[in-house]
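So the chains spell out like this:
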Amino acid sequence: MSALALSLAGGALPASAAERLRAVATFSILGDLVRQVGGDAVAVTTLVGPDADAHGYSPAPGDSRTLAAAGIVFVNGLGFEGWIDRLIRASGSKAPVVVASAGVATIPGRHDHRHGEGGRDAAGADADPHAWQSVPNAKVYVANIRDGLAKADPGHAADYARNAEAYLARLDALDAEIRAALARIPADHRKVITTHDAFGYFSAAYGLTFLAPQGVSTDSEASPQDVARIIRQVRQDKVPAVFIETIADPRLMQQVARESGARIGDKVYSDALSGPGGPASTYLDMMRSNLRAFSAALSPS
């Protein structure tokens, strides 16, 4: 088949067999999934890097140039990146845009979500955008990424299918690992308070109950008044563990532990990976790091 026919059949084609397809992903977690499927055939750039919040991201001037040069763009969708549509229009990019979350079974978003624009599913209903927190949903992302890459670069479609198949097997193993680990935690201990509001899909998939501290903003450091509310809620709901990243002052953390009796959990990752040297530098590592944190905090002494 001629290059022209391939282009008409499959969309954008790399300029030569040696040139990798330029893919842009909006944030670090999605970027890792694209790398796993794309392998050596794809050069992946993420707009929002590790340890950074994609919700309230302010695009940099270089982001338009990155998008303009892209052969394909991957977004989460569900309102997670409220800035991306404007940025793509401003860049003049003609690259196909793949919504990685397309097809997941969404859950309602929290009405007090303070990170930015509310999410919507394909039917226009309110939706939580953090769908990757469920491994079965991550498998949907991988399938969408595989199909998007194959359409943009049909010459490597077999490679993308093979990479996806291998990675899906690793996701199946991860899913089984999470279920087995949480099954060892007594049912009455599967309850945590977190200042994150990003674990709804994890809760739905794996049976942990996540309670958001009432009246505590996720956008700024918790105040002593916030801490008092957290302590009251821990006592009221008999919560065995608390994950509070918005408290930077260790004295306040110690107060929560001392006055509530709850364990203070290790850092958990919700919207971004850690840097390359951190414990959550890939999606698989992130989910396992969170699992270790939850298991350690919730397992009976």
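Trainee: Help me out: how do you make sense of the overall build of the protein in this one?
Mentor: Along the protein, the regular secondary structure elements total 10 helices and 10 strands. Per-residue burial over the protein gives 48% buried out of 301 residues. Across the protein, the fraction of contacts at a sequence separation of at least 24, relative to all contacts at a separation of at least 6, is 67%. Approximately 13500 Å² of the protein is accessible, and the part contributed by carbon and sulfur atoms is 52%.

Trainee: Just to check I follow, could you spell out the pattern of salt bridges for this structure?
Mentor: Side chains carrying opposite charge are able to pair once their charged atoms draw close together. Throughout the structure, instances matching the rule amount to 7 salt bridges. With a closest N to O distance of 2.9 Å, D147 and R146 form a salt bridge. According to the relative accessible area criterion, D147 is partly exposed, its value standing at 43%. As a salt-bridge pair, E177 and R288 come within 2.9 Å of each other at their nearest N and O atoms. A residue pair is termed long-range when its members are at least 10 positions apart, and E177 in helix α6 (residues 157-183) and R288 in helix α10 (residues 283-298) qualify at 111 residues. The exposure class of E177 is partly exposed, given its relative accessible area of 33%.

Trainee: Whenever I open this one, the nonpolar core confuses me. Can you help?
Mentor: A general trend in soluble globular proteins is that nonpolar side chains are found buried together. Counting residues in each nonpolar core, the largest one holds 75 residues, and the members touching the most others are F74, L149, L171, I178, F202, Y283 and M286. The residues contacting L149, other than those within four sequence positions of it, are L21, V37, G38, V42, I72, F74 and Y160. I231, I244, L252 and M253 belong to the second largest nonpolar core, which has 12 residues in total.

Trainee: Help me out: how do you make sense of the packing of helix α3 (residues 61-68) against helix α4 (residues 84-91) in this one?
Mentor: For any two helices packed against each other, the geometry is given by the interaxial angle and the distance between the axes. For the pair α3 and α4, interaxial distance at closest approach is 8 Å and the crossing angle is 70°. Classified by the angle their axes make, α3 and α4 are roughly perpendicular. Read as a crossing pair, α3 and α4 show a hand that is right-handed. Of α4, the residues touching α3 (which contributes D63, S64, L67 and A68) are I84, L87, I88 and S91.

Trainee: Explanation requested: the sheet that holds strand β3 (residues 72-75) in the structure shown.
Mentor: Pairing between sheet strands relies on hydrogen bonds along the backbone, with the strands arranged either parallel or antiparallel. An order of β2-β1-β3-β4 is seen for the 4 strands of this open sheet, with the pairing classed as parallel. Across the chains shown, the open sheet's two edge strands, defined by having one partner strand only, are β2 (42-48) and β4 (97-99). Strand-to-strand twist in this sheet, taken as the mean axis angle between neighbours without regard to direction, amounts to 25°. Sheet topology places strand β1 (residues 21-27) next to β2; 6 bridges connect them, and they run parallel. Opposite A23, over in β2, you have V44 as the bridge partner.

Trainee: How should I be thinking about the side chain of S28 in this particular structure?
Mentor: For S28, the position within the fold is in helix α2 (residues 28-38). If near-sequence neighbours (up to four positions away) are discounted, S28 is found in contact with T46, V48, G49, P50, A272 and L273.

Trainee: What am I meant to see in the packing of helix α5 (residues 135-152) against α6 here?
Mentor: At their nearest, the axes of α5 and α6 sit 10 Å apart, and the two run at 175° to each other. Classified by the angle between their axes, α5 and α6 sit roughly antiparallel to one another. For the pair α5 and α6, the contacting residues are V135, P136, A138, K139, V142, R146, L149 and A150 in the first and A157, Y160, A161, A164, Y167, L168, L171, D172, L174, D175, I178 and R179 in the second. Within the contact of α5 with α6, the residues separate by chemical class into 15 nonpolar, no polar and 5 charged.

Trainee: Before we go on, may I ask you to explain the side chain of S270 in this structure?
Mentor: Structurally, the position occupied by S270 is in the loop between β10 (263-264) and α10. Apart from residues no more than four positions distant in its own chain, S270 is found in contact with I29, W132, Q133, H196, A198 and F199.

Trainee: Before we go on, may I ask you to explain the sheet that holds strand β9 (residues 241-243) in this structure?
Mentor: As summarised here, the arrangement of the 4 strands in space is β8-β7-β9-β10, forming an open sheet in which the pairing is parallel. The open sheet terminates on both sides in strands that have one partner only, identified here as β8 (209-211) and β10. As paired strands, strand β7 (residues 191-194) and β8 are joined by 3 bridges and run parallel to one another. Bridging from a neighbouring strand, V192 pairs with F210 of β8. On top of the sheet, helix α8 (residues 224-237) reaches β7, β8 and β9; it is set at about 170° to β7, its chief contact. α10 contacts β7, β8, β9 and β10 of the sheet and is inclined by roughly 145° relative to β9.

About the cut-offs
Numbers given to residues run from 1 along each chain, matching the order in which its sequence is written. Note on the predicted model: pLDDT of at least 70 is required for a residue's local features to be given, and 80 or more for side-chain atom pairs to be given and counted; whole-chain, interface and lining totals, by contrast, use all residues. Hydrogens and water are ignored here; the side-chain numbers use all heavy atoms of the structure. Per the convention used, a helix needs a DSSP run of H or I reaching at least four residues, while a strand needs a run of E reaching at least two, with both numbered from the N terminus. Each residue's exposure class comes from its accessible area (1.4 Å probe, protein chains only) as a fraction of the maximum for that residue type: buried when under 20%, exposed when over 50%, partly exposed otherwise. Residue contacts follow a heavy-atom distance rule, with two residues in contact if any of their heavy atoms lie within 4.5 Å. Surface accessibility in these figures is a Shrake-Rupley result with a 1.4 Å probe; residues are shielded only by whichever protein chains are displayed. Salt bridge, as used here: a side-chain nitrogen of Lys or Arg that lies within 4 Å of a carboxyl oxygen of Asp or Glu. Definition of nonpolar core: a set of buried residues of the types Ala, Val, Leu, Ile, Met, Phe, Trp, Tyr and Cys, connected through side-chain atoms within 4.5 Å. Axis lines are fitted to C-alpha atoms, over the contacting stretch for helices. Their N-to-C directions set the angle, which ranges from 0 to 180 degrees. An angle counts as roughly parallel when it lies under 35 degrees, as roughly antiparallel when it exceeds 145, as roughly perpendicular when it falls between 65 and 115, and as oblique in every other case. Two helices that cross are described as forming a left-handed crossing if the nearer one is turned anticlockwise from the farther one by less than a right angle, and a right-handed crossing if clockwise. Two strands are said to pair when DSSP picks up at least two bridges between them. Three classes are used, and their members are as follows: Ala, Val, Leu, Ile, Met, Phe, Trp, Tyr, Cys and Pro are nonpolar, Asp, Glu, Lys and Arg are charged, and the others, Gly among them, are polar.

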